[in-house]
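# Coordinate analysis (summary)
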Amino acid sequence: MTAELARECVRFAQMGWMRGTSGNLSVVLQRDPLRLAVTVSGVDKGEITAEDSVVIDADGNAVDSPKIPSAEAGLHARIARVAGAGAVVHVHALATVVAAEHWPGGVVLKDLEMLKGFGRYDHEEVVIPVVRNSQDMLELGDAFEKGFDPKVPALLVARHGVYVWGDDLVQARHRLECLEWLLRFKVETRDIFTGRHS
């Protein structure tokens, strides 16, 4: 699992979505008690290795390790618990942040074929929730849980980034790639569809 985390980080770094040491990934190891492997803090994601992860508990604290987990580990654990996710990815793709800036009440997506890759039908109206940024993971977790829709495996954090989850890292990555495309389309066609999709 730790090698898989490293491979996915390198992939996202090459896409420009995990610049410098930003972003973090996690995968659930067991449910009871909840344990996740999460990337450690302060490591260049383009150079990360299988050694750069740590096991955390349901509160985001390292379990029997001196390694420091990502500062956002607690939110990963909260998403895994509430959504039943097997893996959570958090990146800073620019389109996700710009979309949250334009539509702070939630980003509405509809009539786009790529929604199928996000796990929804193109005729459905999907609203990607947006929450205000905070360095307090309890506050962010509460905001996530308050607006949680089990049919929408993503959360936009204003002026920060996006969290997307799935049954495993591959599904989470596929959903993220499709969501980034959807949000980029939404942003780049904003002037064309003003009033229709706003």
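The structure contained in this document is the topic of the report that follows.

Rules behind the numbers
Per-chain numbering applies: the sequence of each chain, read as written, is numbered from 1 onward. Residue-level local features of this predicted model are given only where pLDDT is at least 70; pairs of side-chain atoms are given and counted only at 80 or more, and the full residue set underlies all totals for whole chains, interfaces and linings. As a rule here, side-chain values come from all non-hydrogen atoms in the structure, and water together with hydrogens is ignored. In this description, a nonpolar core means a group of buried Ala, Val, Leu, Ile, Met, Phe, Trp, Tyr and Cys residues linked to one another through side-chain atoms lying within 4.5 Å. Partly exposed residues are those whose accessible area sits between 20% and 50% of the maximum for their type, while under 20% is buried and over 50% is exposed, using a 1.4 Å probe and protein chains only. For this analysis, residues touch if any pair of their heavy atoms sits within 4.5 Å. Helix numbers and strand numbers start at the N terminus; a helix is a DSSP run of H or I with at least 4 residues, a strand a run of E with at least 2. At least two DSSP bridges between two strands are required for those strands to pair. The axes used here are C-alpha line fits, helices contributing only the stretch in contact, and every angle between their N-to-C directions lies in the interval 0 to 180 degrees. If an angle is under 35 degrees, it is roughly parallel; if it is over 145, roughly antiparallel; if it lies from 65 to 115, roughly perpendicular; otherwise it is oblique. Two helices that cross are described as forming a left-handed crossing if the nearer one is turned anticlockwise from the farther one by less than a right angle, and a right-handed crossing if clockwise. Each residue gets one of three labels, nonpolar for Ala, Val, Leu, Ile, Met, Phe, Trp, Tyr, Cys and Pro, charged for Asp, Glu, Lys and Arg, and polar for the others, Gly among them. What the arc describes is the spread of directions from the helix axis to the C-beta atoms. Residues adjacent in sequence count toward polar contacts only when both atoms are side-chain atoms; beyond that, a polar contact is any pair of N or O atoms within 3.5 Å, and within protein one must be able to donate a hydrogen and the other to accept it.

### As for the nonpolar core
- Formed by 48 residues in total, the largest nonpolar core has its most connected members in Val107, Ile128 and Leu179.
- Dropping the residues within four chain positions of it, valine 107 is found in contact with Ala99, Val126, Val127, Ile128, Val130, Leu156, Leu183 and Lys186.
- The next biggest cluster of nonpolar side chains, apart from the first, holds 12 residues, and it includes Val88, Leu140, Leu155 and Trp165.

### Notes on the pairing of strand S9 (residues 161-166)
- Most of S9 is tucked away: six of the six residues are buried.
- The alternating pattern of S9 places Gly161, Tyr163 and Trp165 and Val162, Val164 and Gly166 on opposite faces, both of which are buried.
- In terms of strand pairing, strand S4 (residues 87-91) meets S9 through five bridges, oriented antiparallel. Along S9, the bridge assignment pairs valine 91 with valine 162.
- Counting the residues that bridge the hairpin from strand S8 (residues 154-157) to S9 gives three residues, and of these arginine 159 lies at a positive phi of roughly 55 degrees.

### Considerations on the sheet that holds strand S1 (residues 24-31)
- One open sheet holds the seven strands; their spatial order is S3-S2-S1-S4-S9-S8-S7, and the pairing between them is mixed. Each of the sheet's edge strands pairs with one partner strand only, and the pair in question is strand S3 (53-56) and strand S7 (130-131).
- Bridge count between S1 and S4: four bridges; the pairing is antiparallel. Pairing of asparagine 24 across the sheet is with histidine 90, part of S4.
- Its contacts with the sheet place helix H2 (residues 73-83) against S1, strand S2 (34-39), S3, S4 and S9, and it is angled at close to 135 degrees to S2.

### A look at the packing of helix H1 (residues 2-14) against helix H5 (residues 169-188)
- Two numbers describe how H1 lies on H5: the axes approach to 11 Å, and their chain directions differ by 15 degrees. Taken together, the axes of H1 and H5 are roughly parallel relative to one another. Both H1 and H5 take part in a crossing whose hand is right-handed. Judged by residue contacts, Glu4, Leu5, Glu8, Arg11 and Phe12 of H1 engage Leu169, Val170, Arg173, Leu176 and Glu177 from H5.
- Taken together, the residues that form the contact of H1 with H5 break down as five nonpolar, no polar and five charged.

### Some details on the environment of leucine 182
- Among the structural elements, leucine 182 can be located in helix H5.
- Once the C-alpha coordinates of leucine 182 and valine 38 are considered, the two residues, 144 residues apart in sequence, prove to be 27 Å apart.
- Ignoring sequence-local partners within four residues, the contact set of leucine 182 consists of Leu109, Leu112, Met114, Leu115 and Phe118.

### A short note on the pairing of S2
- Counting buried residues in S2 gives five out of six residues, a clear majority hidden from the surface.
- Inspection of the sheet shows S1 paired to S2 by five bridges, in the antiparallel sense. If you follow serine 26 over to S2, its bridge partner there is valine 38.
- The antiparallel pairing of S1 with S2 creates a hairpin that spans two residues between the two strands.
- Bridge count for S2 against S3 is four bridges, and the pairing is antiparallel. When the bridges of S3 are listed, alanine 37 appears paired with valine 55.

### Examining helix H4 (residues 137-146)
- Where H4 is concerned, the buried positions are Met137, Leu140, Gly141 and Phe144. Taken around the axis of H4, the buried residues stretch over an arc of 100 degrees, which confines them to a single face. Those residues of H4 that are exposed and aimed more than 90 degrees away from the buried face are Leu138 and Lys146.
- For H4, the secondary structure elements touched by its buried residues are H2, S7, S8 and S9.
- Residue aspartate 136 occupies the N-cap position of H4, its side-chain oxygen lying 2.9 Å from the main-chain nitrogen of leucine 138.

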